[in-house]
Amino acid sequence: MLRIAIQKSGRLHDDSIGLLKDAGIGFSNGYGRLRTESYNFPLEIFFLRDDDIPEYVADGVADIGIVGENIVLEKGKRVETVSRLGFGKCRLSIAVPKNIDYLPGKTLEGSRIATSYPNILSKYLKEKGIQATLHDISGSVEIAPSIGLADAICDLVSSGSTLMMNGLKEVETILKSEAILIAAPQLNAAKQGILEQLNFRFDALLRAKSHKYILMNAPNQNIPQIIELLPGMRSPTVLPLAESGWSSIHTVVSESEFWSIIEQLKAAGAEGILVTSIEKMIL
Ligand code: PRT
Ligand code: ZN
């Protein structure tokens, strides 16, 4: 049995549950429960505060966990990163009141910075050779400048609207973060085996999310030119259409290449292009 710690409630909770369920792991997560066991996979799930997850994993109370990389780096516990999970994306940034003329390396010198990330921030400032006083506060960091507690803040940002609402502007990004799967450093062989099975399923889901399945029709004489454009998993599938001289071409492209390829495919004579999502992708 492998024990996984996930966030009890908050921004990573729903995606963590969704990932486990999409990976075919069945369990009931009745409201308010602190632990539950899967009925079809050797996994026990603990619901915890995100801040506690690295420590629980490092201490071996849980074997693995899903938590923001920002928390893992801040806590500095001995855990291993197994994979990046593609959700909970945010950045840890420094922000100052928007009317300030920000000078990199100068404005922060001698300033007071409010943050919930004192370890990451002090390391960053040290690397930059900046001396500042840190105020470690656990929430509502954004109001610190307006109440006179600090000159700047260092906090997580995703859309940027919280900063804007508080009259702040982002001036430096320290870290880009997302949810990661972490593991205790030395799992026994049985647990390692279960983790590999779980990670195999997560990989298939994550890869599927970042790819599209595309189908298109084209005159046979254009096929070589079209195939040139397609990165595909191996090589595209080409099937004859009922209309002679035409074929249907199927392949998989990554989300990042997708739009530029579609334009080029059209230019190369592809028609009736269909794009669908992929549920799971196993290489
Ligand atoms: O109760 P518990 O301790 O478990 O949860 P929590 O309240 O400490 O954390 P929670 O649920 O807010 O966040 C969990 C994780 O989500 C974080 O550790 C990050 O890894 C990730 N995440 C992604 C974020 C954000 N985006 C985010 N925008 N965490 C917090 N924020 C906050 C930020 O602190 C700021 O107050 O949202 C505000 C900014 O958002 P924008 O969209 O206005 O820029
Ligand atoms: Zn927390």
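The coordinates are above.
Anyway, here's the lowdown on the structure attached to this text. Every value quoted in this text rests on a predicted model; they were computed, and no experiment measured them.

### What about the overall build of the protein chain?
Across its full length, the protein chain carries 8 helices and 15 strands. Against the 2.2 N^0.38 benchmark of 19 Å for 283 residues, the protein chain shows a C-alpha radius of gyration of 24 Å, more extended than a compact globule. Each principal axis of the C-alpha distribution contributes one length, and for the protein chain these read about 75 × 50 × 35 Å. A total of 283 residues make up the protein chain; the buried ones form 45% of that total. Partitioning the contacts of the protein chain with sequence separation of at least 6, the portion at a separation of at least 24 is 69%. Roughly 15100 Å² of accessible area belongs to the protein chain as shown, and the carbon and sulfur atoms make up 50% of that amount. Each charge class in the protein chain was averaged separately, 29 positive and 33 negative side chains, and the resulting centres sit 3 Å apart.

### What about the coordination of the zinc ion (ligand 2)?
Protein-derived ligands of the zinc ion (ligand 2) are Asp50 (OD) and Asp51 (OD), with the metal-ligand distances lying across 1.9 to 2.1 Å. What the 4 donor atoms of the zinc ion (ligand 2) show is an angle range of 73 to 174° at the metal, which sorts the shape as irregular. Note on Asp50: relative accessible area 19%, which makes it buried. You can call Asp51 partly exposed: its relative accessible area is 24%.

### Thoughts on the environment of Ser247
Looking at where Ser247 falls in the secondary structure, it is placed in strand 14 (residues 246-254). In this structure, the C-alpha to C-alpha distance between Ser247 and Ile6, residues 241 residues apart in sequence, is 48 Å. Aside from chain neighbours lying at most four places away, what touches Ser247 is Met216, Asn217, Ala218, Asn220, Ile223, Val238, Leu239, Pro240 and Leu241. Here the side chain of Ser247 touches Asn220 through a polar contact of 2.6 Å, side chain to side chain.

### Focus: the nonpolar core
In this structure, Ile4, Leu20, Leu43, Ile64, Ile66 and Leu85 are the most contacted members of the largest nonpolar core, which totals 57 residues. In terms of residue count, helix 6 (residues 189-209) provides more of this core than any other element does, 6 residues in total. Excluding residues within four positions of it along the chain, Ile64 makes contact with Leu2, Arg3, Ile4, Ala5, Val57, Leu181, Ile182, Ala183, Leu187, Leu195 and Leu198. The next biggest cluster of nonpolar side chains, apart from the first, holds 14 residues, and it includes Ile214, Met216, Val253 and Ala268.

### A closer look at the site of ligand 1
Taken together, 23 residues lie near ligand 1, and Asp51, Asn70, Ser159, Gly160 and Thr162 sit nearest. Asp50 places a polar side-chain atom, nitrogen or oxygen, 2.8 Å from an oxygen atom of ligand 1. Gly160 has a polar backbone atom sitting 2.7 Å from an oxygen atom of ligand 1. In the complex, the protein chains occlude 78% of the 850 Å² of accessible area that ligand 1 would expose alone. Contributions of two or more residues to the shell around ligand 1 are made by helix 3 (69-75), strand 9 (152-157) and helix 5 (161-165). No other element matches the 3 residues that strand 9 contributes to the shell around ligand 1. The class makeup of the residues in the shell around ligand 1 is 5 nonpolar, 11 polar and 7 charged.

### Quick look at the pattern of salt bridges
In total, this model carries 9 salt bridges according to the counting rule given. Close ionic contact of Glu69 with Arg84 constitutes a salt bridge, the shortest N to O distance being 2.9 Å. Of this pair, Glu69 sits in helix 3 while Arg84 sits in strand 5 (residues 80-84); the two residues are 15 residues apart in sequence, bridging distant segments of the chain. You can call Glu69 buried: its relative accessible area is 15%. Overall, the relative accessible area of 39% leaves Arg84 in the partly exposed class. The closest approach of N and O atoms between Arg112 and Asp151, which form a salt bridge, is 3.0 Å. Highlighted residues: Arg112 in strand 7 (residues 112-115) and Asp151 in the loop between strand 8 (133-136) and strand 9, separated in sequence by 39 residues. In this structure Arg112 comes out as partly exposed when scored by relative accessible area, which is 30%.

What counts and what doesn't
- Residues numbered from 1 in each chain as written.
- Chains lettered and ligands numbered in written order.
- Predicted model: local features only at pLDDT ≥ 70, side-chain atom pairs only at ≥ 80, totals over all residues.
- Heavy atoms only, no water.
- Helix = DSSP H or I, 4+ residues; strand = E, 2+ residues; numbered from the N terminus.
- Rg over C-alpha atoms; globule rule 2.2 N^0.38 Å.
- Buried < 20%, exposed > 50% of the residue type's maximum accessible area, 1.4 Å probe, protein only.
- Contact = heavy atoms within 4.5 Å.
- Areas by Shrake-Rupley, 256 points an atom, 1.4 Å probe, with all protein chains shown as cover.
- Lys, Arg positive; Asp, Glu negative; His and termini not counted.
- Charge placed at Lys NZ, Arg CZ, Asp CG, Glu CD.
- Donors = N, O, S within 2.8 Å, 3.2 Å for Na, K, Ca; no water.
- Tetrahedral: all angles 85-135°; square planar, octahedral: opposite > 155°, others 65-115°.
- Polar contact = N/O pair within 3.5 Å; in protein donor to acceptor, adjacent residues only side chain to side chain.
- Core = buried A, V, L, I, M, F, W, Y, C linked by side-chain atoms within 4.5 Å.
- Near = heavy atom within 4 Å.
- Nonpolar A, V, L, I, M, F, W, Y, C, P; charged D, E, K, R; others polar.
- Salt bridge = Lys/Arg side-chain N within 4 Å of Asp/Glu carboxyl O.

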